[in-house]
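Here's the letter readout for the chains.
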There are 2 protein chains.
Amino acid sequence: MGGDFGPRVTVAAASDALKRHPQLQILLVGQSDAITPQLGRHRGKHLQRLEVIHADDVVAMDEKPSLALRSRRDSSMWKALELVAQARAQACISAGNTGALMAMSRLVLGMLPGIERPAIVAAIPTLKGYSYMLDLGANIDSSAEQLLQFAIMGSVMVEAIDSRERPQLALLNVGSEDNKGTECVREASRLIQAHGGLNFIGYLEGDDLFSGRADLVVCDGFVGNVALKSCEGLSKLLVRKVQSSFRRNLYRRFVALLATPMLRELKKQLDPGRRNGATLLGLKGVVVKSHGGANRTYFGHAIDQAFEEARLNVPARIGDQVAREMARCGNGRQMDAADRSKN
Amino acid sequence: MGGDFGPRVTVAAASDALKRHPQLQILLVGQSDAITPQLGRHRGKHLQRLEVIHADDVVAMDEKPSLALRSRRDSSMWKALELVAQARAQACISAGNTGALMAMSRLVLGMLPGIERPAIVAAIPTLKGYSYMLDLGANIDSSAEQLLQFAIMGSVMVEAIDSRERPQLALLNVGSEDNKGTECVREASRLIQAHGGLNFIGYLEGDDLFSGRADLVVCDGFVGNVALKSCEGLSKLLVRKVQSSFRRNLYRRFVALLATPMLRELKKQLDPGRRNGATLLGLKGVVVKSHGGANRTYFGHAIDQAFEEARLNVPARIGDQVAREMARCGNGRQMDAADRSKN
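Nothing here was measured: the structure is a model prediction, and the numbers come from that model.

Parameters and conventions
Residues numbered from 1 in each chain as written. Chains lettered and ligands numbered in written order. Predicted model: local features only at pLDDT ≥ 70, side-chain atom pairs only at ≥ 80, totals over all residues. Heavy atoms only, no water. Least-squares fit on C-alpha atoms with pLDDT ≥ 70 in both. Contact = heavy atoms within 4.5 Å. Helix = DSSP H or I, 4+ residues; strand = E, 2+ residues; numbered from the N terminus. Expected span 1.5 Å × (residues − 1). Buried < 20%, exposed > 50% of the residue type's maximum accessible area, 1.4 Å probe, protein only. Core = buried A, V, L, I, M, F, W, Y, C linked by side-chain atoms within 4.5 Å. Domains from an automatic or database assignment. Salt bridge = Lys/Arg side-chain N within 4 Å of Asp/Glu carboxyl O. Phe/Tyr/Trp six-rings, centres within 6.5 Å; stacked < 30°, edge-to-face > 60°. Lys NZ or Arg CZ within 6 Å of the ring centre and 35° of its normal. Pairing = 2+ DSSP bridges. Axes fitted to C-alpha atoms, helices over the stretch in contact; angles between N-to-C directions.

With that settled, consider the relation of the copies chain B and chain A. Expressed as a screw operation, the relation of chain B to chain A combines 0.0 Å of axial shift with a rotation of 180 degrees, fitting to an RMSD of 0.1 Å. Here the copies are linked by what is in effect a two-fold axis. Using C-alpha coordinates, one finds that chain B approaches the rotation axis most closely at A227(B), a distance of 2.2 Å. Taken together, the interface assignments show that 100% of the residues at the interface of chain B recur at the interface of chain A, consistent with an identical surface on both copies.

This part takes up helix 7 (residues 183-195) of chain B. Residue and element names in this part refer to chain B. Compared with the 18 Å implied by 1.5 Å per residue over 13 residues, the 18 Å span of helix 7 between its first and last C-alpha is a close match. Burial in helix 7 covers these residues: V185, E187, A188, S189, L191, I192 and H195. Where helix 7 terminates, the next one or two residues include G196, which has phi positive at roughly 85 degrees.

Our focus in this paragraph is the nonpolar core. Among the nonpolar cores identified, the biggest contains 179 residues, and L81(A), M133(A), V218(A), L81(B), M133(B) and V218(B) are the most heavily contacted of them. For this core, the two domains that each supply at least three residues are domain 1 (1-110 + 276-312) and domain 2 (122-272) of chain B. Not counting residues within four places of it along the chain, the set of residues in contact with M133(A) comprises I120(A), V121(A), A122(A), I124(A), L172(A), L209(A), V217(A), C219(A), G224(A), A227(A) and L228(A).

Let us now look at the pattern of salt bridges. This structure, assessed with the given rule, holds 32 salt bridges over all chains. Two residues, E183(B) and R186(B), come together in a salt bridge whose shortest N-O distance is 3.9 Å. Placement of both E183(B) and R186(B) in helix 7 is noted, with a separation of three residues, approximately one turn of the helix. The exposure class of R186(B) is partly exposed, given its relative accessible area of 25%. The residue R213(B) makes a salt bridge to D208(B) at a minimum N-O spacing of 2.8 Å. The exposure class of R213(B) is partly exposed, given its relative accessible area of 35%. Overall, D208(B) belongs to the partly exposed group, its relative accessible area being 24%. Three or more residues joined by partner-sharing salt bridges are found here, namely E183(A), R186(A), E187(A) and R190(A).

Next up on the list: the packing of aromatic side chains. All names here are of chain A. Throughout the structure, instances matching the rule amount to two aromatic pairs over all chains. A centroid spacing of 5.9 Å and a plane angle of 80 degrees characterise the contact between Y130 and Y132, whose relative ring orientation is edge-to-face. Lying across the ring of Y130, R164 places its NZ or CZ 5.5 Å from the centre.

Let us now look at the sheet that holds strand 5 (residues 129-134) of chain B. All names here are of chain B. Ordered in space as 3-10-9-4-5-8-6-7, the eight strands form an open sheet in which the pairing is mixed. Both outer strands of the open sheet, strand 3 (91-94) and strand 7 (199-204), are each paired with one neighbouring strand and no more. Each neighbouring strand pair of the sheet contributes to a mean axis angle of 30 degrees, computed without reference to strand direction. Judged from the three bridges that link them, strand 4 (residues 119-126) and strand 9 (residues 278-281) form a sheet pairing that is antiparallel. Bridging across to strand 9, I120 finds its partner in L280.

Here you go:
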């Protein structure tokens, strides 16, 4: 029901995804009188693998998460998450209210043992292809111990999804030397190095974010959100500048015509929705958040992302890894770290 | 002496600047045997307004600021700042080690009364022209009171330099609603609103950074540094993508030839040095930091920036504003704020 376009986009993307993945089944959760007319536009045997599950209520895009948590238990979001909790579904995908999705996911699915808070991870384009970055805004203040948890969760996910063994992990910082950054980031660096199981390559500065030097970049949610959204803002500025530059006179319009394929490629590069689908890691289940402005194709990427994570059982892999970690270290380090994170 | 190119760039840019500004006088501080050969390449009466002041030592680009502070009192950086402290010069410009420049500036020039820490401010391109942003990395953890000080300093500077009356001021945050962000950012929002003299338009998200909605964007140095450097990283990625896109085959190379002026414009837009010259605000004197990789033209921008700030006496204006503020509120609020910032 969520996002800028609601069922118009999500129903069409669901139909496409069923055609792409013969093993896939989809439960469309929402107000049936909004979904049914959209479904009427699609035909084919693949729709037999689709079921509509009615939900009376909807979480508004701008609703306060705490309020949604209390008053929207009949919403499509809550019901979709319940289907995952009941193992009737293996993943939940939403283009709706991010804060509400996170709050409800924590309550309905619960956190994996040893993980304090979910983190949002997504792919970012790089010179070498793409890397992953987390947290992109699920948390505002993260302790060093939580940054370590993000590092573990992200590494497990990249290893599973991209078959990259021992992915190269970096902490986002304002310099590459040991003494740079906040006490929290430096403490996270010490914890990650002490962990031993992670392929830590050190600090990464913002200007290296898109170089592909790291497979996985870890930062707190405030910094990650601002950094990525700033890049989105720069992209918007550039698209406008290129457009006006190529329209200034007749000669330029003619060249723009000849350059159409290149300009299209550039616009695609600049499109934040291109690799759509941010994952909420740390939960006992797969939850993928689509960009609210995603179109049919891009919402399809979010479905594919969720399909892959469910197929590879990413949450269970993370759970195993964290459980091994906890068994190895005992409770001593955990409690020690919890003490530290209070400072 | 600093930056990637040393006197080769700074001497040439100094000569150019003297031609541009008939009132300007320049003291070139550094190792005379490195400067003199470069000076030999320039001719003209304007060079009569240039003087070389020898300094034995140089601060290395990667030197720890605390070490430079103790052991580099004969360096060009220290001597140049001393010339400002002695009122023999009205501004200091350096392409050298940022951390060392900040530490030395604080010690040699001192802070304005009522300002706790310097902040780095620079212009960023927007859809409407350009805006300013601070802090870009002078500080790692900033208290709410310090963010208020950044807001006051930045507003005074934008008003003076750009003749924008009551510039629109925003706080960088992860959302636009009141309840968004860290406790520190929310407290800063309350302090700025309580101040009354600032034209505060609320929170700004990263994707609005380049829209021009705010004339001045305030954030802590960690976030500002990461956000701006990430955009620098994205720019680098895009330049490479555009280049490879326009070189893929003979047709594309031909179109690239026709599109040369537009591609040049785009490259210029993406060049982080284009509006070169970041100012260290809050000091008892003008200090401008040039990008280390600045070429002759771009280092000239930093000189122009310093010239304008000295001409308009920006530090004195900030000092007056903060003194008025302190007189208005008495010491009560200041002490209260200092208490708060300890938490």
